[in-house]
Amino acid sequence: MSSESAEFELAVPLEYHNVEGPAATSATATKEELLDVHAMMHRIRRMEISCDNEYKDKNIRGFCHLYDGQEAVAMGMRAAMTSRDNIIGTYRCHALQLMRGDTVSRIVGELFGRAGGSSAGKGGSMHFYSKQNRFWGGAGIVGAQVPVGAGIAFADRFNAIAEGASRDGPFPITVAMFGDGAANQGQIWEAANMSKLWHLPCIFFCENNQYGMGTSVERHSSNPRYFTQGGEAIPGIRINGMDYLSVREGMKWAKSYVERGQPLFVEVVTYRYHGHSMSDPGITYRGKDEVKQMRETKDCIKLVSKRIVDSGWASEKELKDREKAIKAEVAKEVELARAMPLPDAEELYTHVLHNETPKFIRGIDIGSSRVA
Amino acid sequence: MALRRALARVSGAQSSGRALAAAGARALSSEAAVEVPRLGQVDAIPSGPATRMNLFTAINQGMRAAMQTDDDCILFGEDVAFGGVFRCSMGLREEFGGERVFNTPLCEQGIAGFAIGYAATGRSCIAELQFADYIFPAFDQIVNEAAKFRYRSGGQFDCGGVTFRSPCGAVGHGGLYHSQSPEAYFAHTPGLKVVMPRSPAQAKGLLLSCIRDPNPCLFFEPKALYRASVEDVPDADYEIPIGKAEVVTAGDDVTLVAWGAQVHVMEKAAAMARDKLGVSCEVIDLRSILPWDAETVAASVNKTGRVVIAHEAPKTGGFAAEVASEIQERCFLRLEAPIQRVTGYDTPFPLAFERHYVPDALKVFEAVKAATSF
């Protein structure tokens, strides 16, 4: 059984601000866990690459932000959290939705604007939600989701105390995510300040992928050490976001800290391979060499694969076969999405208000007009 | 306690469910000090026991009723725990505790986002933005998050339990940043409801509707009326439906349309027109401008053929423009004179020139003359 579990060194130790936590220079993982994480990360990457292709074929329109490169972040969060915990994310949220239990076909269906998409075709790339798994969505406005997350955290604490929980928790936690580009929005601090005052179980989670759109952190932040943003008031932790096990270990500790009603800043340092959105080739403000080097030396899937192979849990060929199978599976899911019908025109007017009044929608000819 | 909370939660915002929750709350709660009958939505101010009070006291009563019938309903804003700058939340912290009534830091964008997050969990909250002039830092949260949460999630999530309360309008000395009436900005946003009461009894019923409405609501309180407007307010728990205007004074010759404090200006002008011109004016209080009751206004204009609309906000892009546009669509052949707008000027709200700026009865009277002599 010893071959089923192994200890792995973490290349970058966890770094703390104003708080003491475990050094975590290594972490243990099982064969089953790493094979599952390998498959899931690969699924995310194939989904995002498929989205890239579909966008180029004009089957996906509008705005689309891809997650490839950052897979370890979503997977590490998943390992540390339960479905009672809340996540409210940024617009770069395809992977979060998949991690929270949705399927590739429903996600791609949403990007195609289909009725069978995750949000009935009414949200698109930036707006995925899962009520039962407490994923409160991606938000189209940079940073706007963060104070909303504080309100969710308040509701959980309020509810738990009203139902007899201790005032020190443990409470379900809320992870309010934002990127490095949003980190200097005023509302991030507004929400953090309230969370500290009111003892909210809220993580202010900065996914630092090094660029706020096309501007590097050094150029857009006077303090790019985002885990120190809480200053004297709120502690922080910095995690290597290219290593699944680092994110898992860091988030496990973060959850144990926050669930007592103490907010925390978490910074995961990661990297996106694609540009900010589909209109950004991603190589005007950073060199091709930089991206290439990140792919070759820091890639989160490569790291997991290496650990699996080094532990003798699978050969490189076996992993390649698994990747091929996932590629085929994602391709099949994309076809399922393509076959989904478009939403009815009546849907234009639904979900504006609760119990809407009927409205007239002019069709191409008057005969195809209808009342929603 | 648990059952009471569960009942309130399950009931959501459905009217029948709420009645059930109220019944449950009464049955289970021995601490409720006074047994107040719940009447649900009413077309007219209910009869029955009433107490004479001013506008801020009526708002206080409305919030108290909402919090008594829903244990998850919370209230927060700048200084609300001490009663609020206009005294609207006096005594509520003492009655409901600091967990449910609390002060926020001075950060409107954060307050609004926080309120939306709380409401997104299926609970209701009242967020006070201390002056409507301070609502602009929260504009993005209200317009982009609150109003669109339901739509963009295909109906999976909403924040219908949120009500933003905010004092608005001229007060005699408020100057640029304590006098504005920003309702028209929000009327341009599907997904919101925008309400402005004219008096204490209206305020209590409309506020209770807003808090219990399953959509995000903005409730603008004309601050000049907080103490000045006094009338009998029913002790009962009642809701005035949002989106239904009220014909305050019936008349035949000219329709006067307003909301909030301007309704009183219209009434004064109507009396002047009757006494000095022998002109009979019909005064309509829209009560809510999103949705607004075009049917009631059109029915009146089809009768009178003449219309004057007044509001304190600047003329260009003001809500009177929307009302005028809808009237000409619906009543084009019945109009006997150009639609008259009596509004603030297209300037920032002035400190020294407030009397020149705010529509008064004389300006409305002049507009009535223009409409009747065209």
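Residues numbered from 1 in each chain as written. Chains lettered and ligands numbered in written order. Predicted model: local features only at pLDDT ≥ 70, side-chain atom pairs only at ≥ 80, totals over all residues. Heavy atoms only, no water.

As named in an unreviewed UniProt entry, chain B is 3-methyl-2-oxobutanoate dehydrogenase (2-methylpropanoyl-transferring), taken from Cafeteria roenbergensis. Database annotation for chain B, UniProt heading Subcellular location (unreviewed entry): "Mitochondrion matrix". Note on chain B: under the UniProt heading Catalytic activity (unreviewed entry), the record states "N(6)-[(R)-lipoyl]-L-lysyl-[protein] + 3-methyl-2-oxobutanoate + H(+) = N(6)-[(R)-S(8)-2-methylpropanoyldihydrolipoyl]-L-lysyl-[protein] + CO2". (UniProt positions renumbered as here; feature names shortened; annotations may be inferred.)

If you check an unreviewed UniProt entry, chain A appears there as pyruvate dehydrogenase (acetyl-transferring) from Cafeteria roenbergensis. Looking at the Cofactor (unreviewed entry) heading of the UniProt record, one finds this comment for chain A: "thiamine diphosphate".

Peer 1: Explain the overall build of chain A to me, please; I cannot follow it from the model alone.
Peer 2: Counting its regular elements, chain A contains 11 helices and 12 strands. When its C-alpha atoms are laid out on the principal axes, chain A stretches across 70 × 55 × 45 Å. The buried share of chain A, reckoned over its 372 residues, is 56%. Put simply, of all contacts in chain A between residues at least 6 apart along the chain, 72% involve residues at least 24 apart. (Helix = DSSP H or I, 4+ residues; strand = E, 2+ residues; numbered from the N terminus. Buried < 20%, exposed > 50% of the residue type's maximum accessible area, 1.4 Å probe, protein only. Contact = heavy atoms within 4.5 Å.)

Peer 1: Sorry, what's going on with the overall build of chain B here?
Peer 2: Scanning chain B for helices and strands turns up 15 helices and 16 strands. Rg of the C-alpha trace for chain B: 20 Å, near the compact-globule value of 21 Å for 374 residues, within the 12% margin. Overall, the C-alpha framework of chain B stretches about 65 × 40 × 40 Å when taken along its three principal axes. Buried positions account for 61% of the 374 residues belonging to chain B. Of all intrachain contacts in chain B linking residues separated by at least 6 positions in sequence, the fraction that spans at least 24 positions is 81%. Carbon and sulfur atoms form 56% of the exposed surface of chain B, whose accessible area is close to 13800 Å². Taking the 36 positively charged and 43 negatively charged side chains of chain B as two groups, their mean positions are separated by 1 Å. (Rg over C-alpha atoms; globule rule 2.2 N^0.38 Å. Areas by Shrake-Rupley, 256 points an atom, 1.4 Å probe, with all protein chains shown as cover. Lys, Arg positive; Asp, Glu negative; His and termini not counted. Charge placed at Lys NZ, Arg CZ, Asp CG, Glu CD.)

Peer 1: Is there a simple way to explain the domain arrangement of chain A in this structure?
Peer 2: Domain parsing of chain A yields domain 1 (2-341) and domain 2 (344-372). Relative placement of domain 1 of chain A and domain 2 of chain A: their C-alpha centres are 37 Å apart. (Domains from an automatic or database assignment.)

Peer 1: What am I meant to see in the interface of chain A and chain B here?
Peer 2: How big an interface is tends to be stated in terms of the accessible area lost upon association of its parts. The interface is formed by 41 residues belonging to chain A together with 44 residues belonging to chain B. Together, the buried faces of chain A and chain B total about 3600 Å²; carbon and sulfur atoms form 64% of this surface. Summed over the three residues of chain A that lose the most area to chain B, namely Tyr129, Phe158 and His354 of chain A, the buried surface amounts to 18% of that side. In this assembly, chain A and chain B are joined by two salt bridges. Residue Glu99 of chain B is joined to Arg157 of chain A by a salt bridge in which the shortest nitrogen-to-oxygen separation is 4.0 Å. Linking chain A with chain B are 14 residue pairs in polar contact (both at pLDDT 80 or more), by the criterion used here. (Buried area = accessible area lost by both parts, 1.4 Å probe. Salt bridge = Lys/Arg side-chain N within 4 Å of Asp/Glu carboxyl O. Polar contact = N/O pair within 3.5 Å; in protein donor to acceptor, adjacent residues only side chain to side chain.)

Peer 1: Can you help me understand the side chain of Thr304 of chain B in this one?
Peer 2: Residue and element names in this part refer to chain B. Following the sequence through the fold, Thr304 ends up in helix H12 (residues 294-304). Taking the relative accessible area as the measure of exposure, Thr304 reaches 5% and is therefore buried. Ignoring anything within four residues of it in the chain, the contact list for Thr304 reads Gly251, Asp252, Asp253, Val254, Thr255 and Arg334.

Peer 1: Hey, could you run me through the sheet that holds strand S13 (residues 281-285) of chain B in this one?
Peer 2: Adjacent strands of a sheet pair through backbone hydrogen bonds, lying either parallel or antiparallel. All names here are of chain B. Taken in spatial order, the five strands of this open sheet run S11-S13-S12-S15-S16, and their pairing is mixed. Across the chains shown, the open sheet's two edge strands, defined by having one partner strand only, are strand S11 (246-249) and strand S16 (340-344). When strand polarity is set aside, the average angle formed by the axes of neighbouring strands in this sheet is 25°. Pairing between strand S12 (residues 254-258) and S13: five bridges, direction parallel. Pairing of Val254 across the sheet is with Cys281, part of S13. (Pairing = 2+ DSSP bridges. Axes fitted to C-alpha atoms, helices over the stretch in contact; angles between N-to-C directions.)

Peer 1: Explain the pairing of S16 of chain B to me, please; I cannot follow it from the model alone.
Peer 2: For a regular strand, the rule is simple: side chains alternate between the two faces of the sheet. All names here are of chain B. Most of S16 is tucked away: four of the five residues are buried. One ladder, built from five bridges, connects strand S15 (residues 307-314) with S16; its direction is parallel. Paired with Val308 across the two strands is Gln340, which belongs to S16. On the question of chirality, the crossover connecting S15 to the parallel S16 by way of helix H13 (residues 319-331) is right-handed. (Right-handed = clockwise from strand over helix to strand, strands pointing away.)

Peer 1: Looking at this structure, I do not really get the environment of Ala370 of chain B. What am I missing?
Peer 2: Along the chain, Ala370 of chain B falls in helix H15 (residues 361-372). Residues Ala370 of chain B and Ile339 of chain B, 31 residues apart in the sequence, show an inter-C-alpha distance of 9.8 Å.

Peer 1: Quick question: what am I supposed to make of the pattern of salt bridges here?
Peer 2: Where charged atoms of side chains with opposite charge meet at close range, the side chains can pair. All names here are of chain A. All told, the structure shown has 44 salt bridges over all chains when counted by the stated rule. Note that Asp85 and Lys255 form a salt bridge whose closest N and O atoms lie 2.7 Å from each other. Of this pair, Asp85 sits in the loop between helix H2 (71-80) and strand S4 (86-88) while Lys255 sits in helix H8 (residues 244-258), and the two are 170 residues apart along the sequence. You'll find Asp85 and Lys255 in the same group, each marked buried. One salt bridge connects Lys122 with Glu347, and the closest N-O pair in it is separated by 3.9 Å.

Peer 1: I'm lost on the domain arrangement of chain B in this one. Help?
Peer 2: Residue and element names in this part refer to chain B. Partitioning chain B into domains gives domain 1 (41-239) and domain 2 (246-372). Taking the mean C-alpha position of each, domain 1 and domain 2 sit 26 Å from one another. Opposite the 26 residues of domain 1 that make contact, domain 2 presents 25 residues. Across the interface of domain 1 and domain 2, roughly 2000 Å² is buried in total on both sides, 60% from carbon and sulfur atoms. In this structure, the connection of domain 1 to domain 2 is made through two salt bridges. With its nearest N and O atoms 2.8 Å apart, the salt bridge here joins Asp285 to Arg198. Where the side of domain 1 that touches domain 2 is concerned, the elements lending two or more residues are helix H8 (183-187), strand S7 (193-195) and helix H9 (200-212).

Peer 1: Help me out: how do you make sense of the packing of aromatic side chains in this one?
Peer 2: The description of two aromatic rings rests on the distance between their centres and on the angle between their planes. Under the defined criterion, the tally for this structure stands at 33 aromatic pairs over all chains. Ring plane angle 35° and centroid distance 5.1 Å describe the contact between Phe154 of chain A and Phe102 of chain B, whose orientation is recorded as tilted. In this pair, Phe154 of chain A is assigned in helix H5 (residues 145-162) and Phe102 of chain B in strand S4 (residues 101-103), connecting two distinct chains. For Phe154 of chain A, a relative accessible area of 7% gives the class buried. Residue classification places Phe102 of chain B among the buried residues on the basis of a relative accessible area of 6%. For Arg152 of chain B, the ring lying beneath its charged end belongs to Phe149 of chain B, and the centroid distance is 4.9 Å. (Phe/Tyr/Trp six-rings, centres within 6.5 Å; stacked < 30°, edge-to-face > 60°. Lys NZ or Arg CZ within 6 Å of the ring centre and 35° of its normal.)

Peer 1: Help me out: how do you make sense of the UniProt feature "domain: Dehydrogenase E1 component" (unreviewed entry) in chain A in this one?
Peer 2: UniProt annotation of "domain: Dehydrogenase E1 component" (unreviewed entry) refers to residues 40-345 of chain A when read in the numbering used here. As annotated, residues 40-345 of chain A comprises 44% helix and 10% strand, and the C-alpha atoms at either end are separated by 36 Å.

Peer 1: I keep staring at empty space enclosed by the protein and nothing clicks. Help me out?
Peer 2: Taking a probe equal in size to a water molecule and rolling it over the atoms shows the remaining empty space. Enumeration over the complete set of coordinates arrives at two cavities of 30 Å³ or more. In terms of domain composition, the lining of the largest cavity takes at least three residues from each of domain 1 (41-239) and domain 2 (246-372) of chain B. The calculated volume of the second largest cavity comes to roughly 40 Å³. Together, Val352 of chain A together with Ala146, Ala147, Phe149, Arg150, Asp158, Cys159, Gly191, Asn215 and Pro216 of chain B line the second largest cavity. Broken down by class, the residue content of the lining of the second largest cavity amounts to six nonpolar, two polar and two charged. (1 Å grid on protein atoms, 1.4 Å probe; cavity = no way out; pocket = protein on both sides within 12 Å on 5 of 7 lines; lining within 4 Å. Points joined across faces, edges and corners; volume = space filled by probe spheres on them. Nonpolar A, V, L, I, M, F, W, Y, C, P; charged D, E, K, R; others polar.)

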